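# Coordinate analysis (summary)
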Amino acid sequence: EDKVVQSPLSLVVHEGDTVTLNCSYEVTNFRSLLWYKQEKKAPTFLFMLTSSGIEKKSGRLSSILDKKELFSILNITATQTGDSAIYLCAVIYTGNTGKLIFGQGTTLQVKP
Amino acid sequence: NAGVTQTPKFQVLKTGQSMTLQCAQDMNHEYMSWYRQDPGMGLRLIHYSVGAGITDQGEVPNGYNVSRSTTEDFPLRLLSAAPSQTSVYFCASSRLAGGFSSYNEQFFGPGTRLTVL
């Protein structure tokens, strides 16, 4: 059975801290891994990772994929209270569909 | 463009009642899907569709039916609601996946919060 597992499930840090969120997967028809941020409503897209070892960056957020060890990490440096959210990773399957399977999510709380 | 719209925003049902959650998109997307989100469970795929007349099951399809008679609409039906179906439901749409390195972003609706008593 295909699965995507995130850790930790929840995390509390203080502003300025650096956090690392983990996502491992066991998927038979892996194409790409996606990271989303979910605040109060619907998830919003952060990154797509398809190749191993290539870091994607957006401001204080960065992410990398290891296809040999089947995991990805999302780093957030100099955290701010606005980073408080649920972070979801998802795997997109090969084939001509948009089918995704999501992990459980990591709830991040950043305290002032 | 309105994007992906869902109605209703909130709904309370009694066990055994039936209802339909509506989802519509105006972006001419081929792919549409329904997810449910429960605390600590992420988003779980219920059903999805790659075009009008084509639907398939996701991870948790039991208790739900779907149909796709038009490109725009993808309703989710609960035939006999159960307390285990209390959840937040998200509809999403995207273009069908293109080349290997391309990603057609999934656009999510605002969600429907359903409570089954």
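First, a word on scope: everything that follows refers to the structure included in this document. As the structure is a prediction and not an experimental result, all values here were calculated from the model.

For the rest of this paragraph, the subject is the overall build of chain B. When helices and strands are tallied, chain B shows 0 helices and 11 strands. For chain B, the succession of helices and strands along the chain, N to C, is β-β-β-β-β-β-β-β-β-β-β. On C-alpha atoms alone, chain B measures out to a radius of gyration of 14 Å, which is about the 13 Å that the 2.2 N^0.38 rule sets for 117 residues. Judged by the C-alpha coordinates and their principal axes, chain B covers about 45 × 30 × 25 Å. Split into buried and exposed, the 117 residues of chain B put 48% on the buried side.

For the structure shown, the criterion picks out 10 aromatic pairs over all chains. Their ring planes at 35 degrees and their centres at 5.9 Å tell us that Tyr31(B) and Tyr48(B) sit as a pair that is tilted. Of the two residues, Tyr31(B) is situated in strand β4 (residues 31-37) and Tyr48(B) in strand β5 (residues 43-51); the sequence distance between them amounts to 17 residues. Arranged with centres 5.9 Å apart and planes meeting at 40 degrees, the rings of Tyr35(B) and Phe108(B) form a pair that is tilted. Here Tyr35(B) is found in strand β4, whereas its partner Phe108(B) is found in strand β10 (residues 107-108), with 73 residues between them in sequence. Here a set of aromatic residues connected by ring pairs shows up, and it is made of Tyr36(A), Phe45(A), Phe102(A), Tyr35(B), Phe90(B) and Phe108(B). Residue placement shows Arg68(B) over the ring face of Phe74(B); its charged tip is 5.9 Å from the ring centre.

All right, on to the state of the cysteines then. Tallied over the full model, the rule gives 2 disulfides over all chains. Two residues share a disulfide in this structure: Cys23(A) and Cys89(A), whose sulfurs sit 1.9 Å from each other. Looking down the S-S bond of the Cys23(A) and Cys89(A) bridge, the torsion is 65 degrees, so its handedness is right-handed. Highlighted residues: Cys23(A) in strand β3 (residues 19-26) and Cys89(A) in strand β9 (residues 85-93), separated in sequence by 66 residues. Accessibility expressed as a relative area gives 1% for Cys23(A), which makes it buried. Covalent S-S linkage joins Cys23(B) and Cys91(B), the inter-sulfur distance amounting to 1.9 Å. Between Cys23(B) and Cys91(B), the disulfide has an S-S torsion of -70 degrees and is therefore left-handed. Of this pair, Cys23(B) sits in strand β3 (residues 19-25) while Cys91(B) sits in strand β9 (residues 87-94), and the two are 68 residues apart along the sequence. On the accessibility criterion, Cys23(B) (1% relative accessible area) is buried.

Thresholds applied
- Residues numbered from 1 in each chain as written.
- Chains lettered and ligands numbered in written order.
- Predicted model: local features only at pLDDT ≥ 70, side-chain atom pairs only at ≥ 80, totals over all residues.
- Heavy atoms only, no water.
- Helix = DSSP H or I, 4+ residues; strand = E, 2+ residues; numbered from the N terminus.
- Rg over C-alpha atoms; globule rule 2.2 N^0.38 Å.
- Buried < 20%, exposed > 50% of the residue type's maximum accessible area, 1.4 Å probe, protein only.
- Phe/Tyr/Trp six-rings, centres within 6.5 Å; stacked < 30°, edge-to-face > 60°.
- Lys NZ or Arg CZ within 6 Å of the ring centre and 35° of its normal.
- Disulfide = S-S within 2.5 Å.

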